[in-house]
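Here's the letter readout for the chains.
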Amino acid sequence: PHARQVYSGMLPGWIAGHYRLEECAAALEPLARAAGVRFVQDSVVAVDAERRLLQCAAGGAMPYDLLSLDTGAQVDSSSLAATGAALLPIRPLERFIVDWDRQLAGFIEAGRASVAVVGGGAAGVELALAMRYCLATLLGADRVEVFLVEGGALMKGHGKRVVSRVAAALTAGGVQRLQGYAAGSATGLLLSDGRDLAVACVVAATGVVPAPWLTGSGLALARDGFIAVGEGQRSISHPEVFAAGDVATRVAAPLAKSGVHAVRAGPVLAVNLRRALEGRPLAPERPRRSQRSPLYLLATGPRRAVVSWGGWSATGRWAWRWKDWIDRRFMKQYVLEKGGMT
């Protein structure tokens, strides 16, 4: 639905002031043109898998022979909807970027800032630290309050060492940790222990839910409501449909809704979409050891990061330089130069 794709891995760095937004986004139309692909800037609002039709918000019906879906997921902010504070769900990213820019301008005008980030996963941690760093730099640390409402646990699914390093980074970064869950209230948030938290802005970095149109698509869905896929990211009910990223769930070996796994699905799709078009069997997948223990690099506000790989973790400025190098190299793939892509 947008002319560019923002890379979420660099968004905390943009919030902290380390990147320009242009460095975090890939322009889609030039890439499509270079690849001989027709780019349609629109949103899918319905899929009819039996009739092989997409319904778009502006462009109407679009038939397909083969379909590959990577439309992501929606943030479940329903419990926060009653908040009297400004509510900023982190998805879709383009809307969040506009809303954060507007909120930041309001904080600067007021000379004070109070933010609660709801969600103790990697996204919530990175955003809370980036926002605290940004606001403290602009307004002064004594005029800024940033809270992280952790829900069930901090960095659930990660090892104790990583959790310990992240907790230390939050303390060092001036982010106030609040355990438990939260619901929207007139002044901001009502915490599960009965406390009322008054803030000007609530950032929803909570769990994800599927888009409503999936329910009526006719595609087989997994228990979590996302598209059920098997080998090669192919739908288990419609062989002409593929899905990857957060919109899909592997039924045999479910993976976390993580950008790491979404990116790795790209090469698999590239091969198997061609094979499906040619009527050939799908290429067998060969999972790497790192696929079972992916590398995580979490930005912690200033130019520092926490590294996590399996049971090993570390932190420091060198980790930020590593993350920065990986992120910039990743984005360089989508820069067109004379003669094609870099």
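See the structure printed just above.
Remember, it's a predicted structure, so these values are computed and weren't measured experimentally.

Topic: the pattern of salt bridges
Line of reasoning, step 1. This model, assessed by the stated rule, comprises 15 salt bridges.
Line of reasoning, step 2. Measuring nitrogen to oxygen at the nearest pair gives 2.8 Å for the salt bridge that ties arginine 195 to aspartate 193.
Line of reasoning, step 3. Residue class for arginine 195 comes out partly exposed when judged on its relative accessible area of 43%.
Line of reasoning, step 4. For the salt bridge of glutamate 278 with arginine 280, the shortest nitrogen-to-oxygen distance reads 2.9 Å.

Points about the pairing of strand β12 (residues 182-185)
The two faces of a sheet get side chains in turn, since along a regular strand they alternate between them.
Line of reasoning, step 1. In terms of strand pairing, β12 meets strand β13 (residues 188-191) through four bridges, oriented antiparallel. What sits directly across from glycine 184, in β13, is leucine 189.
Line of reasoning, step 2. Between β12 and β13, which pair antiparallel and follow one another directly, the connecting turn spans two residues.

With respect to the sheet that holds strand β14 (residues 196-198)
Line of reasoning, step 1. Spatially, β12-β13-β14 is the arrangement adopted by the three strands of the open sheet, whose pairing is antiparallel. Strands at the two margins of the open sheet, each flanked by one partner only, are β12 and β14. Strand after strand, the sheet turns through a mean of 30° between neighbouring axes, direction not considered.
Line of reasoning, step 2. Strand direction decides the pairing type here: β13 and β14, joined by three bridges, are antiparallel. In the strand pairing of β14, leucine 190 is matched with aspartate 196.

A short note on helix α5 (residues 160-172)
Line of reasoning, step 1. Helix length check: α5 (13 residues) gives 18 Å between terminal C-alpha atoms against 18 Å at 1.5 Å per residue, within 8%.
Line of reasoning, step 2. Against the buried residues of α5 lie α4 (122-139), β10 (144-149), β11 (176-178), β20 (295-299), β21 (305-309) and β22 (312-316).
Line of reasoning, step 3. Positioned one or two residues after α5, glycine 174 has a phi angle of 80°, which is positive.

Regarding the sheet that holds strand β3 (residues 44-48)
Line of reasoning, step 1. If you trace the three strands from one edge of the open sheet to the other, you get β3-β4-β5, paired in antiparallel fashion. Edge strands, defined here as strands with exactly one partner in the open sheet, are β3 and β5 (60-63). With strand direction ignored, the average angle separating the axes of adjacent strands in the sheet is 25°.
Line of reasoning, step 2. For β3 and strand β4 (residues 53-56), the ladder comprises four bridges, and the chain directions are antiparallel. When the bridges of β4 are listed, valine 44 appears paired with cysteine 56.

Thoughts on a nonpolar patch on the surface
Line of reasoning, step 1. On the surface, a nonpolar cluster with roughly 540 Å² of combined accessible area is contributed by Trp309, Trp312, Trp318, Trp322 and Trp325.
Line of reasoning, step 2. For the nonpolar patch, the element with the highest residue contribution is helix α8 (residues 317-332), accounting for three residues.
Line of reasoning, step 3. Along the chain, tryptophan 309 turns up in strand β21.

Observations regarding unusual backbone geometry
Line of reasoning, step 1. The omega angle of the peptide bond from arginine 91 to proline 92 is -5°, so this bond is cis rather than trans.
Line of reasoning, step 2. Checked against the element boundaries, proline 92 lands in the loop between β8 (86-89) and α3 (93-110).
Line of reasoning, step 3. At arginine 52, a position not held by glycine, the phi torsion is positive, near 55°.
Line of reasoning, step 4. Looking at the secondary structure, you find arginine 52 in the loop between β3 and β4.

Some remarks on α4
The periodicity of an α-helix, 3.6 residues per turn, causes residues three or four positions apart to be oriented the same way.
Line of reasoning, step 1. Taking 1.5 Å per residue, 18 residues should reach 26 Å; α4 reaches 26 Å between its end C-alpha atoms and fits that length.
Line of reasoning, step 2. Across the 18 residues of α4, 13 count as buried, placing the element largely inside the fold.
Line of reasoning, step 3. Downstream of α4 by one or two residues, glycine 140 has phi in the positive range, about 100°.

So, the packing of aromatic side chains
Line of reasoning, step 1. Scanning all chains against the criterion turns up four aromatic pairs.
Line of reasoning, step 2. Between the aromatic rings of tryptophan 318 and tryptophan 322, the centroid separation amounts to 6.3 Å while the plane-to-plane angle is 20°, which identifies the pairing as stacked. Of the two residues, tryptophan 318 and tryptophan 322 are both situated in helix α8; the distance of four residues between them amounts to about one turn of the helix.
Line of reasoning, step 3. Look at tryptophan 318 and you get partly exposed, because its relative accessible area is 38%.
Line of reasoning, step 4. Owing to a relative accessible area of 30%, tryptophan 322 belongs among the partly exposed residues under this scheme.
Line of reasoning, step 5. Relative to tyrosine 334, the ring of phenylalanine 330 lies with its centre 5.6 Å away and its plane at 75°, an arrangement referred to as edge-to-face.

Comments concerning the environment of alanine 58
Line of reasoning, step 1. Residue position: alanine 58 is located in the loop between β4 and β5.
Line of reasoning, step 2. You can call alanine 58 exposed: its relative accessible area is 71%.
Line of reasoning, step 3. As for alanine 58 and valine 44, which are separated by 14 residues in sequence, their C-alpha atoms are 9.0 Å apart.

Section: the nonpolar core
Line of reasoning, step 1. Core analysis: the biggest nonpolar cluster contains 70 residues, and Phe96, Trp100, Val115, Leu135, Val166, Leu189 and Val203 have the highest contact counts within it.
Line of reasoning, step 2. The element contributing the most residues to this core is α4, with nine residues.
Line of reasoning, step 3. Each residue touching leucine 135, except ones within four places of it in the same chain, is listed here: Trp100, Leu104, Phe107, Ala113, Val115, Gly140, Val144 and Val146.
Line of reasoning, step 4. Among the nonpolar cores identified, the runner-up in size contains 16 residues, and Val47, Ala211, Ile227 and Val241 belong to it.

Reading guide: rules and limits
- Residues numbered from 1 in each chain as written.
- Predicted model: local features only at pLDDT ≥ 70, side-chain atom pairs only at ≥ 80, totals over all residues.
- Heavy atoms only, no water.
- Salt bridge = Lys/Arg side-chain N within 4 Å of Asp/Glu carboxyl O.
- Buried < 20%, exposed > 50% of the residue type's maximum accessible area, 1.4 Å probe, protein only.
- Pairing = 2+ DSSP bridges.
- Helix = DSSP H or I, 4+ residues; strand = E, 2+ residues; numbered from the N terminus.
- Axes fitted to C-alpha atoms, helices over the stretch in contact; angles between N-to-C directions.
- Expected span 1.5 Å × (residues − 1).
- Contact = heavy atoms within 4.5 Å.
- Patch = residues over 30% accessible without salt bridge, like charges linked within 9 Å, V, L, I, M, F, W, Y side chains within 5 Å.
- Areas by Shrake-Rupley, 256 points an atom, 1.4 Å probe, with all protein chains shown as cover.
- Phe/Tyr/Trp six-rings, centres within 6.5 Å; stacked < 30°, edge-to-face > 60°.
- Core = buried A, V, L, I, M, F, W, Y, C linked by side-chain atoms within 4.5 Å.

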